[in-house]
Amino acid sequence: REREAVAVAGALGATHECWRYPTRGIPLDAGATDRLRAVVARVRPQAIILPFVADDHPDHRQTALLFAASYRDTAPDAEVWAYQVYAGIRPTIVVDITDVMDEKLRLVRRWESQRAKRDWAHYIQGMNAMYCRFLRTNAARYAEAFIVMPAAEYITLCVQEPV
């Protein structure tokens, strides 16, 4: 998966950093929180893209909780753009990605190691087609959906006690 991530990041012209935590093994300890704070301090992002904390994959939830644990005292001055993978969301921002959908599917298919479990290109195309309902058009379009809020609000959402 790491080789695939490097290849996809390269195709996008993006940088990549792999922390090599095992599947279902993302820690919430001081080492992980210090590491995340150091990256955010170095990059100084305006937006941080994270899985939505209520997604039903444990690593997706744990990623959101790692962010929250890293910034319980002082949140970074950034927006969080939270996305879904499995659990649907009621988005606050929807981005029309129709013009780049073919490229997205091409890149998703480069994750050969994950294709045995699910046809991710098919799954993602369906999810992005479903979210076109928020685009105010009758045309066949594709959309990415996000819940966007200031980082401090997202952290509060992540650390709420269950009802």
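Before reading on, note that the structure itself is shown above.
First, a word on what this report is: a plain description of the structure on this page. (Residues numbered from 1 in each chain as written. Predicted model: local features only at pLDDT ≥ 70, side-chain atom pairs only at ≥ 80, totals over all residues. Heavy atoms only, no water.)

**Thoughts on helix α6 (residues 151–158)**
Among the residues making up α6, those that are buried are A151, Y154, I155 and C158. Each buried residue of α6 lies within a common arc of 100° when the element is viewed along its axis, so the set occupies one face. Turning to α6, the residues buried within the fold contact β1 (47–51), α3 (58–70), β2 (79–83) and β4 (143–150). (Buried < 20%, exposed > 50% of the residue type's maximum accessible area, 1.4 Å probe, protein only. Helix = DSSP H or I, 4+ residues; strand = E, 2+ residues; numbered from the N terminus. Arc of directions from axis to C-beta. Contact = heavy atoms within 4.5 Å.)

**Examining the packing of helix α4 (residues 101–108) against helix α5 (residues 120–130)**
Where α4 contacts α5, the axes come no closer than 9 Å and their chain directions differ by 150°. The pairing of α4 with α5 is recorded here as roughly antiparallel in orientation. In this structure, α4 meets α5 at a crossing whose hand is right-handed. Contact with α4, carried on its side by M101, K104, L105 and V108, involves W120, A121, I124, Q125 and N128 of α5 and no other residues of that element. A breakdown of the residues in the contact of α4 with α5 according to their chemical character gives six nonpolar, two polar and one charged. (Axes fitted to C-alpha atoms, helices over the stretch in contact; angles between N-to-C directions. Parallel < 35°, antiparallel > 145°, perpendicular 65-115°, else oblique. Left-handed = near helix turned anticlockwise from the far one by under 90°. Nonpolar A, V, L, I, M, F, W, Y, C, P; charged D, E, K, R; others polar.)

**Some words on the pattern of salt bridges**
Here the structure, examined in full by the defined rule, presents seven salt bridges. Among the salt bridges present, the one from D34 reaches R37, with a minimum N-O distance of 2.3 Å. Placement of both D34 and R37 in helix α2 (residues 30–43) is noted, with a separation of three residues, approximately one turn of the helix. You can call R37 partly exposed: its relative accessible area is 31%. Note that R141 is salt-bridged to D96, the shortest N-O span being 3.0 Å. (Salt bridge = Lys/Arg side-chain N within 4 Å of Asp/Glu carboxyl O.)

**Side note on the nonpolar core**
Counting residues in each nonpolar core, the largest one holds 31 residues, and the members touching the most others are F67, V80 and Y154. Elements with a contribution of two residues or more to this core: α2, β1, α3, β2, β4 and α6. If we skip the residues at most four places from it in the chain, V80 touches I48, L50, F67, I147, V148, M149, P150, A151 and Y154. By size, the runner-up hydrophobic cluster in this structure holds eight residues, among which are V85, M101, L105 and W120. (Core = buried A, V, L, I, M, F, W, Y, C linked by side-chain atoms within 4.5 Å.)

**Description of the packing of α2 against α3**
Running from N to C, α2 and α3 cross one another at 80°; their axes reach a closest spacing of 9 Å. When the interaxial angle is binned, α2 and α3 end up roughly perpendicular. Only L66, F67, A69 and S70 of α3 make contact with α2, whose side of the interface consists of A32, T33, L36 and R37. A breakdown of the residues in the contact of α2 with α3 according to their chemical character gives five nonpolar, two polar and one charged.

**Some points on the sheet that holds β1**
Ordered in space as β1-β2-β4-β3, the four strands form an open sheet in which the pairing is mixed. The sheet is open, and its two edges are formed by β1 and β3 (93–96), each paired on a single side. On average, adjacent strands in this sheet sit at an angle of 35° to one another, irrespective of strand direction. Where β2 lies against β4, four bridges are found, and the strand directions are antiparallel. By the bridge assignment for β4, V80 is matched with M149. Against the sheet, α6 touches β1, β2 and β4, its axis set at about 95° to β4. (Pairing = 2+ DSSP bridges.)

**With respect to the pairing of β1**
Where β1 meets β2, five bridges bridge the pair, whose relative direction is parallel. Bridging from a neighbouring strand, L50 pairs with A82 of β2.

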